[in-house]
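# Fold and geometry: a report
Each chain is listed here by its residues.
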Amino acid sequence: MNIGDNIAKFKTELGDQVTLVAISKTKPSADIQEAYDAGQRIFGENRPQEMQSKAEELPNDIQWHMVGHLQSNKVKYIAPFVSLIHSIDKLKLLKEVNKRAKQNERCIDVLLQIHIAKEESKFGMDEEEVKELLDSEGYEKLENVRVVGLMGMATFTDNESRIEKEFDYLKQLFDELKSSYFSQEDSFGTLSMGMSSDYKIALKAGSTMVRVGSSIFGARD
Ligand SMILES: *Cc1c(COP(=O)(O)O)cnc(C)c1O
C-alpha cells in the first residue's frame with residue numbers, strides 16, 4: 001500500500017470541488033508525513049491528545065480536523081490549533097468550544113453532526129434537536145465559533161440503497177437549514193459525508209467533504 005499513490009488517486013477522483021480529509025487516527029506520524037509529501041494538507045483525528053502530539057511533531061501548515069465524538073473536557077487540548085470540528089452534537093459542547101476559542105483569541109469553525117444511521121451507537125442530533133440548537137438564545141450569543149455545515153455517518157451496511165437514502169436525507173436537511181437559518185454571506189457550505197466504504201454514494205448525494213482513512217493508510221488494528 002503506497003500512501004502517496006493513494007493520495008494522488010483520491011485527488012484526481014475528487015477534483016477541486018470536494019475536499020479530502022485524510023483520516024490518520026491510530027496511524028504513526030511517518031504515515032502522515034508520507035501523505036503530506038504527496039501534497040495532502042488536511043488530516044482528521046478522533047482523539048484530542050493524539051491530535052495534539054501529532055500536531056507538535058508534524059509540519060505547521062497541516063489543517064487538523066476533529067472527527068470523533070468529542071468530550072467537553074478535552075476541547076482545551078485542540079482549541080489552540082484545530083481547523084474544523086466535525087462532531088458538535090450538543091449546545092453544551094459548542095459553548096465549551098466557544099469558550100476555549102475565546103481564550104485562544106480565535107474563532108473555530110465547526111460542523112453539526114446529524115444522526116442519520118440506524119445504529120443507536122452513532123452520535124449526532126436529529127432534525128428537531130439541530131433546529132432547537134440553532135433557534136436557541138445560547139447559540140445566538142456565541143461569537144467565537146462559526147457553524148459552516150453538517151456532518152453525518154451512514155449505517156454500516158452493504159445495503160447501498162439504505163446508505164443512499166440516509167445521505168439524500170442529510171443533503172435535504174442541509175439545504176433546508178441553509179435557506180432557513182443562514183444568509184448568503186454566511187459560510188454554511190460544507191457537507192461532510194462519505195468514508196472509505198461509502199464515499200462514492202456520498203458524492204452522488206452532494207457531499208462536499210469526504211473523510212477517508214483505511215483506503216489511504218490501510219486497515220487499522
Ligand atoms: C474513522 C473515521 C472515518 C474514516 O473511516 P474509514 O472507513 O477508515 O475511511 C471517517 N469518519 C469518522 C467520523 C471516523 O471516525
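Residues numbered from 1 in each chain as written. Predicted model: local features only at pLDDT ≥ 70, side-chain atom pairs only at ≥ 80, totals over all residues. Heavy atoms only, no water.

### Regarding the overall build of the chain
Our working definition: Think of it this way: any DSSP run of H or I at least four residues long counts as a helix, any run of E at least two long counts as a strand, and we number them from the N terminus. Within these notes, the globule rule equals 2.2 Å times the number of residues to the 0.38 power, and the radius of gyration is based on C-alpha atoms. Throughout, exposure labels follow a simple rule: accessible area from a 1.4 Å probe, protein chains only, divided by the maximum for the residue type, with under 20% read as buried, over 50% as exposed, and the rest as partly exposed. Whether two residues are in contact is decided by their heavy atoms, any of which lying within 4.5 Å being enough. Here the Shrake-Rupley method, with its probe set to 1.4 Å, supplies the accessible areas, and only the displayed protein chains count as covering residues.
Along the backbone of the chain there are 10 helices and eight strands. For the chain, whose C-alpha radius of gyration is 17 Å, the value lies close to the compact-globule estimate of 17 Å for 221 residues. Along the three orthogonal principal directions, the C-alpha set of the chain runs to about 50 × 45 × 35 Å. Among the 221 residues that make up the chain, the fraction classed as buried is 50%. In the chain, 59% of the contacts between residues at least 6 apart in sequence involve partners at least 24 apart. For the chain, the accessible surface area stands at approximately 11100 Å², while carbon and sulfur atoms represent 44% of it.

### Re the packing of aromatic side chains
Basically, it comes down to this: Only Phe, Tyr and Trp rings are paired, with Trp represented by its six-membered ring, and only when their centres lie within 6.5 Å; those with planes under 30 degrees apart are stacked, over 60 edge-to-face, the remainder tilted. Counted as over-ring charges are cases with an Arg CZ or a Lys NZ within 6 Å of the ring centre that also lie within 35 degrees of the ring normal.
In the structure shown here, the tally under the stated rule is four aromatic pairs. Measuring from centroid to centroid gives 5.1 Å for Phe174 and Phe188, while their planes differ by 20°, and the two rings are stacked. Here Phe188 lies in the loop between helix 8 (160-181) and strand 7 (190-193) and Phe174 lies in helix 8, a separation of 14 residues in the sequence. Summarising the burial analysis for this pair, Phe174 and Phe188 share the class buried. Three or more aromatic residues joined by ring pairs form one cluster here, namely Phe174, Phe182 and Phe188. The ring of Tyr36 has Arg41 lying over it, and the distance from NZ or CZ to the ring centre is 3.5 Å. Above the ring of Tyr77, the side-chain terminus of Lys76 is found at 5.0 Å from the ring centroid.

### A short note on the site of the ligand
This is how it is decided: Near is defined per residue: the residue qualifies when any heavy atom it owns lies within 4 Å of the molecule or strand. Here a polar contact is recorded for every N or O atom pair within 3.5 Å, except that within protein the pair must consist of a potential hydrogen donor and a potential acceptor, and residues adjacent in sequence are included only if both atoms are side-chain atoms. Only Asp, Glu, Lys and Arg are considered charged, only Ala, Val, Leu, Ile, Met, Phe, Trp, Tyr, Cys and Pro nonpolar, and every remaining residue, Gly among them, polar.
Looking at the ligand, the residues that line it are Ile23, Lys25, Val67, Met151, Met153, Met195, Ser196, Arg211, Val212, Gly213, Ser214 and Arg220. In this structure, an oxygen atom belonging to the ligand sits 2.6 Å away from a side-chain N or O atom of Lys25. For the ligand, an oxygen atom lies 2.8 Å from a polar atom in the backbone of Ser214. For the shell around the ligand, the per-class residue count stands at six nonpolar, three polar and three charged.

### Points about the side chain of Ser207
As for its position among the elements, Ser207 is in the loop between helix 9 (199-204) and strand 8 (209-212). Only 2.8 Å separates the side chain of Ser207 from the backbone oxygen of Met193, close enough to count as a polar contact. Excluding residues within four positions of it along the chain, Ser207 makes contact with Val18, Leu191, Met193 and Ala202.

### Focus: the packing of helix 6 (residues 127-135) against helix 8
This is how it is decided: Think of each axis as a best-fit line through the C-alpha atoms, taken over the contacting stretch in the case of a helix, with angles from 0 to 180 degrees between the N-to-C directions. An angle below 35 degrees is treated as roughly parallel, one above 145 as roughly antiparallel, one from 65 to 115 as roughly perpendicular, and anything else as oblique. Handedness of a crossing is defined here by the sense of rotation of the near helix relative to the far one, left-handed for an anticlockwise turn of less than a right angle and right-handed for a clockwise turn.
Interhelical geometry of helix 6 versus helix 8 gives an angle of 20° and a closest axis separation of 12 Å. It follows that helix 6 is roughly parallel to helix 8 by the angle criterion. Crossing hand, helix 6 versus helix 8: right-handed. Residues Glu127, Val130, Lys131, Leu134 and Asp135 of helix 6 form the contact with helix 8, whose participating residues are Tyr169, Leu173, Glu176, Leu177 and Tyr181. Considered class by class, the residues forming the contact of helix 6 with helix 8 number six nonpolar, no polar and four charged.

### Side note on the nonpolar core
In plain terms, the rule: Residues enter a nonpolar core if they are buried and are Ala, Val, Leu, Ile, Met, Phe, Trp, Tyr or Cys, with the set joined through side-chain atoms within 4.5 Å.
Judged by nonpolar contacts, the single largest core of 61 residues is most densely connected at Ile85, Val97, Leu150, Phe167 and Ile216. By size, the runner-up hydrophobic cluster in this structure holds nine residues, among which are Val21, Ile23, Val67 and Val148.

### Side note on helix 1 (residues 3-14)
Definition in use: Each helix should span, by expectation, one fewer than its residue count multiplied by 1.5 Å. Each C-beta atom gives one direction from the helix axis, and the arc is the one those directions make.
The first and last C-alpha atoms of helix 1 sit 16 Å apart over 12 residues, in line with the 16 Å expected at 1.5 Å per residue. Looking only at helix 1, the buried set comprises Ile3, Gly4, Asn6, Ile7, Phe10 and Leu14. For helix 1, the buried positions fall inside an angular range of 160° around the axis, keeping them on one side. Residues of helix 1 that are exposed and point over 90 degrees away from its buried face: Asp5 and Thr12. Of the surrounding elements, those touching the buried residues of helix 1 are strand 1 (19-23), helix 2 (29-37), helix 9, strand 8 and helix 10 (214-217). One side-chain oxygen of the residue at the start of helix 1 lies 2.9 Å from the amide nitrogen of Gly4, identifying that residue as Asn2.

Fair warning: the whole summary comes from geometry, so function is off the table for now.
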